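Commentary on secondary and tertiary structure
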Amino acid sequence: MAAAVVVSGKIIYEQEGVYIHSSFGKTSDQDSLISGILRVLEKDAEVIVDWRPLDDALDSSSILYAGKDSSSVVEWTQAPKERAHRGLEHLNSYEAEWDMVNTISFKKKPHTNGDAPSHRNGKSKWSFLFSLTDLKSIKQNKEGMGWSYLVFCLKDDVVLPALHFHQGDSKLLIDSLEKYVVLCESPQDKRTLLVNCQNKSLSQSFENLLDEPAYGIIQAGLLERRKLLWAVHQWKKIKKDPYTATMVGFSKVTNYIFDSLRGSDPSAHQRPPSEMADFLSDAIPGLKINQQEEPGFEVITRIDLGERPVVQRREPVSLEEWTKNIDSEGRILNVDNMKQMIFRGGLSHVLRKQAWKFLLGYFPWDSTKEERTQLQKQKTDEYFRMKLQWKSVSEEQEKRNSRLRDYRSLIEKDVNRTDRTNKFYEGQDNPGLILLHDILMTYCMYDFDLGYVQGMSDLLSPLLYVMENEVDAFWCFASYMDQMHQNFEEQMQGMKTQLIQLSTLLRLLDSGFCSYLESQDSGYLYFCFRWLLIRFKREFSFLDILRLWEVMWTELPCKNFHLLLCCAILESEKQQIMEKHYGFNEILKHINELSMKIDVEDVLCKAEAISLQMVKCKELPQAVCEILGLQDSEVTTPDSDNGEDENVGMTSCPTSAFQSNSLPVLAASGARDDNPAELSMSPNVSRVTPA
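Residues numbered from 1 in each chain as written. Predicted model: local features only at pLDDT ≥ 70, side-chain atom pairs only at ≥ 80, totals over all residues. Heavy atoms only, no water.

**Some remarks on the pairing of strand E7 (residues 135–140)**
Inclusion rule: For two strands to pair, DSSP has to find at least two bridges joining them. Helix and strand assignments come from DSSP, with helices taken as H or I runs of at least 4 residues and strands as E runs of at least 2, each series counted from the N terminus.
Pairing geometry for E7 and strand E8 (residues 148–154), over five bridges, is antiparallel. Of the residues in E8, the one forming a bridge with Ser137 is Cys153. Inspection of the sheet shows E7 paired to strand E11 (residues 192–195) by three bridges, in the antiparallel sense. Its bridge partner lying in E11, Lys139 is registered against Thr192.

**Topic: the pattern of salt bridges**
A side chain of one charge can pair with a side chain of the opposite charge if their charged atoms are brought near each other. How we decide: We define a salt bridge as a contact between a side-chain nitrogen of Lys or Arg and a carboxyl oxygen of Asp or Glu at a distance within 4 Å. For each residue, the accessible area found with a 1.4 Å probe, counting protein chains only, is set against the maximum for its type, and the residue is called buried under 20%, exposed over 50%, and partly exposed in between.
Scanning the entire structure with this criterion turns up 30 salt bridges. With a shortest N-O distance of 3.2 Å, Arg344 and Glu608 are connected by a salt bridge. Taken as a pair, Arg344 in helix H7 (residues 335–345) and Glu608 in helix H21 (residues 600–616) lie far apart in primary sequence, 264 residues in all. Residue Arg344 is classed as buried on the basis of its relative accessible area of 2%. Counted as one network, the salt bridges with shared partners bring together Arg313, Arg352, Arg547, Glu550 and Glu601.

**A look at helix H13 (residues 456–467)**
Put simply, the rule reads: A helix is expected to reach a length of 1.5 Å times the quantity of its residues less one.
Here H13 spans 17 Å end to end across twelve residues, near enough to the 16 Å set by a 1.5 Å rise per residue. Counting buried residues in H13 gives twelve out of twelve residues, a clear majority hidden from the surface. Turning to H13, its buried residues are Met456, Ser457, Asp458, Leu459, Leu460, Ser461, Pro462, Leu463, Leu464, Tyr465, Val466 and Met467. Positive phi shows up at Glu468, right after H13, with a value of about 55°.

**Quick word on the layout of surface pockets**
Put simply, the test is: Only protein atoms enter the 1 Å grid used here, on which a cavity is any set of points holding a 1.4 Å probe that cannot leave and a pocket is any open set flanked by protein within 12 Å on both sides along at least five of seven lines; residues with an atom within 4 Å of a point are listed as lining. Grid points are joined across faces, edges and corners, and a volume is the space filled by probe spheres set on the points. Ten residues, namely Ala, Val, Leu, Ile, Met, Phe, Trp, Tyr, Cys and Pro, are considered nonpolar, four, namely Asp, Glu, Lys and Arg, are considered charged, and the remaining ones, Gly among them, are considered polar. The domain limits used here are those given by an automatic or database domain assignment.
Computed from the structure, the second largest pocket encloses a volume of approximately 540 Å³. What lines the second largest pocket is a set of 30 residues, and nearest its centre among them are Gln483, Arg535, Glu555, Lys559 and His562. Residue assignment for the lining of the second largest pocket shows that the elements contributing at least two residues are helix H8 (349–359), helix H14 (470–488), helix H15 (493–509), helix H18 (542–553) and helix H19 (561–579). Of the residues assigned to the lining of the second largest pocket, the class counts are twelve nonpolar, 13 polar and five charged. Mapped onto the domain boundaries, the lining of the second largest pocket takes at least three residues apiece from domain 2 (346–485) and domain 3 (491–626).

**Side note on the nonpolar core**
To keep things clear, this is the line we draw: Note on terminology: a nonpolar core comprises buried Ala, Val, Leu, Ile, Met, Phe, Trp, Tyr and Cys residues joined through side-chain atoms within 4.5 Å. We call two residues in contact when some of their heavy atoms are within 4.5 Å.
Counting 123 residues, the largest nonpolar core has Phe488, Phe536, Met614 and Leu620 as its most contacted members. Those residues in contact with Met614 that lie beyond four places of it in its chain are Leu505, Leu508, Leu509, Leu564, Leu620, Val624 and Leu628. Membership of the second largest hydrophobic core comes to 31 residues, among which are Ile12, Val158, Val181 and Leu193.

**Re the packing of helix H12 (residues 431–446) against H13**
Applied cut-off: Interaxial angles span 0 to 180 degrees and are taken between N-to-C directions of axes, which are lines fitted to C-alpha atoms, for helices over the stretch in contact. Orientation categories follow fixed angle ranges, with anything under 35 degrees roughly parallel, anything over 145 roughly antiparallel, 65 to 115 roughly perpendicular, and all other angles oblique. Crossing handedness: left-handed means the near helix sits turned counterclockwise from the far one by under a right angle, and right-handed means the same turn made clockwise.
At their nearest, the axes of H12 and H13 sit 10 Å apart, and the two run at 125° to each other. When the interaxial angle is binned, H12 and H13 end up oblique. Of the two possible hands of crossing, H12 and H13 adopt the one that is right-handed. Taken together, the residues of H13 that come into contact with H12 (itself represented by Gly432, Leu435, Leu436, Ile439, Leu440 and Tyr443) are Met456, Ser457, Leu460, Ser461 and Leu464. By residue class, the composition of the contact of H12 with H13 is eight nonpolar, three polar and no charged.

**Some points on helix H16 (residues 511–519)**
Convention followed: Distance and chemistry together define a polar contact, namely a pair of N or O atoms within 3.5 Å, with one atom able to donate a hydrogen and the other to accept it when in protein, and with adjacent residues in sequence counting only for side-chain atoms on both sides.
Every buried residue of H16 is listed here: Ser511, Phe513, Cys514, Tyr516, Leu517 and Glu518. With a side-chain oxygen positioned 3.2 Å from the backbone nitrogen of Gly512, the residue opening H16 is Asp510. Of the residues trailing H16, Asp521 is marked for its positive phi of about 60°.

Structure, rendered in structure tokens:
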């Protein structure tokens, strides 16, 4: 039986028969074997690796402490008897004493009196524990060479004694640690596993957002160490499982980081924009959102956008309307008009299985029924060939294919938590879950470079629900991923671009609101990250997402209509955020709590109205014209004949191809653009739900 646990907490891993081979007290070359117990424990969001001799497991005095005057920490003393109880209490609370064993060294330091520190026995001095946040690398034994052993190297280059696993495989320990940190082989030595190496696409889309440079301003001098270690550990948890952590716990981290940065001094509550800019530009390399009027940026001054029209939405496109627009050979007639109707009303559910294939580009709009039948046959063969590729991989082969193994592990984990409250996916052994899994695994064969990234299951789920067919769902998903690919790439260029574009649009609409957000360290709009990453999938009900996505897939009035949806939501929340003086944490919390509370029809009306308002403006900044996809037009430059300096950098953008001819657009009669009452939905609008 193992001795009782000294460090309390949730035991993640426990193994007896883990030995240190020591020559302590020996005159010969033969090592003495010190049998111990190795544990990995989770305590107060901290993960601790703890090894101690079996007969010392109950004795807290065997824990080593660094000398207070030791910066390099090479001198070690036992906890005095009078400190033993307090040391244990301190250890359990994880307060201060962080100069303890997480910077341990087993180098012997000469003593002026010629005596070594006293130990009750030769075994006590070997007890050690360290925080997983301090682990730099793990060295493994050469395969086939005796007992398996591991050597832990900490970030201060301290090397701990080798732990020999006489009664079990060290792989179980590695598997336990990989739940909390990313491990990968060192390019120089395949026996060495580096901790949190950066050559993987972090689960993958959040890696650059939450990378190590983001810790740049979290220095020990700014944060008390307990909060620092807790916060850093939370960042690492987000990096290990970013999708889940971002969905549920982002604000917990910010409470620690920003409260500690601000301190208790009320005058410190308004942090300089430049400081926050440094923090967030490190978090997403390459992200540049202008906090001030700096050279090289197009300064968006206050522009009169004119009155905002009030938009009414129509009924969803019916089966009868759809059928009337199909010729005898099955071609869709008047595609532009059909897209307009879908944009303004969505689709009846009975049409979605057919129409979504066109909207997503799986079926060409000008194809005949016969051509589509042939295409489906071809795509079915292609799909099952790819599916056979991963289905035919044996267990032995997969052991030597770490990428496929990682993809499968992530997919299995995500599938088991995707839309499980929906009847299509609820319950155990649900065939819908099996199809989700198989389609995502097959996509890894289709695009092995990207593979599977957390969040992609959210994009597939509604498609499979509507298609009710594995092959059609796959090809619709592949088409959707063509649009969304950059969101999930390792460099996250798509996310960077969208955040910059959203900031540009919001500043044009309401520069005062943007300034307020910047004053609260929220100018980078990080709280919109989830909206953009998976296209509002977590913000609206499942049925509302079906409506929202089909509207966006029309690409009207532009491909970036989702950014106007963001603006519409934020504009609706502006009054509450500003009147209640929400700070960083309150803004983040408020935005997160909007989930499932947003009226999809109201947001669609407002976003369309914003688009029409901008399109009618004759002097939009060039950056805004590009975001809205307006045609190139003459740009007034300093060399223009009119000589009007105030027009420098301004573009006279023509009306886009998107018009509001099929439905009336009512003048707002001088209504303020931030008054949601003026953008109310027509009482005739009805919601169509699946039968």
